[in-house]
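# Chain and residue survey
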Amino acid sequence: MCIRDRSFSDPYKDARVFKLDVIDMAQTHIYGLKDPGSKIYEISRHKLNAVQKPHILGEYGIDAFDDFIKSGRDKEGVSVQDGIWGGVFSMSAGTPMPWYWDDYVDPNNLYYHFWTLKEFIRHIDWPREEFDVIKNRLVYYKDTKGKKTGDAVIYPSDAWTRAQKNKFLVTRMGEVTDSEYFTGYLFGSGHADMKNDPVIVVKNESPARMKIHVSGVSHENFLAVNINGTDALGVTLNAEGMKTAEYKEEWKIYQAAADIVIEAGIPRGDNEVIIENRGLDWIRIKEIRFEGVVNPDVAPVFAAGVQGPRSAYIWLKNRTYTLDKRDPEKITGACIDIAGLDSGRYNIEIYDIENAQIIRKYEEIAEIDPITVELPEFERSLAVKVYRYGVVR
């Protein structure tokens, strides 16, 4: 039997291709990942919902080129660990596959990341568990004393394309709806056919701050931020004159790499933020950070998992532990509720991913209310396993 699939360099390419009867499953290739775990989860869920066929992520990496290897970035394999855990618990058909095996995974001996995941899922009977994604992904604090407001971050894609959607909502969990459609190029009038300025709705209970990290500029531009119908900010960004400017003979213009952070205050309340390029060419956005928009009762933890009526398996990752930040604040006093389980007694195991060992095991009874799992302090990530009492795992 031959399984037929297809892939594109653009992970959001027309879903109609994957829906063809001659295609058995969908595949995704994606690079330039800044937060591999959450991005791979989002892409996998998007593809599964769009095509209603099995999906697997056949290639991924933090860069399409090997510059990150030459510079020694991520020798520990944070991108490998986060990518495979985020993919497995998205309901994809297997672990995502890193591209750089011979010159990255093997020289740095990163195979143990696959072993720790294998140890956690080895006893799961995937076909019989009646799995779907977990019903609740919110990780919260019961006691908010000493807790601070949190941030929401948008990591745009590097796709050179007109954004298919331009309206986004920052959720209570600090996630951004439809973020997979947020492209990193902010086009000006010279690319009218590509222009689709993002509109972001933010509901914050206290004054907040937005930081736009610009990583590239082409020719002449004017970045404008409009909040609730009023211009709050306007910055001229012209490549010529920047230290990194290079003249492009074929277009008769200057382009420049940049490392510029532009800030704007956001008032308390319900806000609509429009980010525009009112200039001529394009501005490349690396990151947009909304500081202080997530309430103190929400823990900065990304959760992905699967559950059936008698079991649940969940991966939990500290959002503030990133490829470029390895010293985040530890998560202390956080909880997650597991709803939708059949009534009965359950074993709960909390798993130390780094060392592939169970660090806490106890029993809980599920009735009408969900099971609340109180998480131990952790810095990077944990996993939680919940299954019926009496079943060997």
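These notes cover the structure that comes with them. (Residues numbered from 1 in each chain as written. Predicted model: local features only at pLDDT ≥ 70, side-chain atom pairs only at ≥ 80, totals over all residues. Heavy atoms only, no water.)

Bringing the packing of helix H4 (residues 78-88) against helix H6 (residues 112-121) into the picture now. When two helices pack together, you describe them by how their axes are tilted relative to each other and by the distance separating the axes. Relative orientation of the contacting elements H4 and H6 amounts to 30°, with a least axis distance of 9 Å. Relative to H6, the element H4 is oriented roughly parallel. The element H4 and its partner H6 pack so that their crossing is right-handed. Contact residues: Val80, Gln81, Ile84, Trp85 and Val88 in H4; His113, Phe114, Thr116, Leu117 and Phe120 in H6. Within the contact of H4 with H6, the residues separate by chemical class into seven nonpolar, three polar and no charged. (Axes fitted to C-alpha atoms, helices over the stretch in contact; angles between N-to-C directions. Helix = DSSP H or I, 4+ residues; strand = E, 2+ residues; numbered from the N terminus. Parallel < 35°, antiparallel > 145°, perpendicular 65-115°, else oblique. Left-handed = near helix turned anticlockwise from the far one by under 90°. Contact = heavy atoms within 4.5 Å. Nonpolar A, V, L, I, M, F, W, Y, C, P; charged D, E, K, R; others polar.)

Sheet strands line up and pair through hydrogen bonds in the backbone, either parallel or antiparallel. Read across the sheet, three strands follow the order S4-S18-S21 without closing on themselves; strand pairing throughout is antiparallel. Whereas interior strands pair on both sides, the edge strands pair on one side only; in this sheet they are strand S4 (139-141) and strand S21 (371-374). The sheet shows a mean angle of 35° between the axes of neighbouring strands, direction not considered. Pairing of strand S18 (residues 334-338) with S21, which is carried by four bridges, proceeds in the antiparallel orientation. (Pairing = 2+ DSSP bridges.)

Attention shifts here to the side chain of Asp74. Mapped onto the elements of the fold, Asp74 is located in the loop between helix H3 (67-70) and H4. Looking at Asp74, its side chain comes within polar contact range of the main-chain nitrogen of Val78, at 2.7 Å. Apart from residues no more than four positions distant in its own chain, Asp74 is found in contact with Ile62, Ser79, Tyr104, Leu323 and Arg326. (Polar contact = N/O pair within 3.5 Å; in protein donor to acceptor, adjacent residues only side chain to side chain.)

Here we come to the sheet that holds strand S11 (residues 230-238). Spatial ordering of the open sheet is given by S6-S8-S14-S10-S11, a layout of five strands whose pairing is mixed. For this open sheet the edge positions go to strand S6 (167-169) and S11, each flanked by a neighbour on one side alone. On average, adjacent strands in this sheet sit at an angle of 20° to one another, irrespective of strand direction. Where S6 and strand S8 (residues 199-204) come together, three bridges link them in parallel fashion. Paired with Leu169 across the bridge in S8 is Val201.

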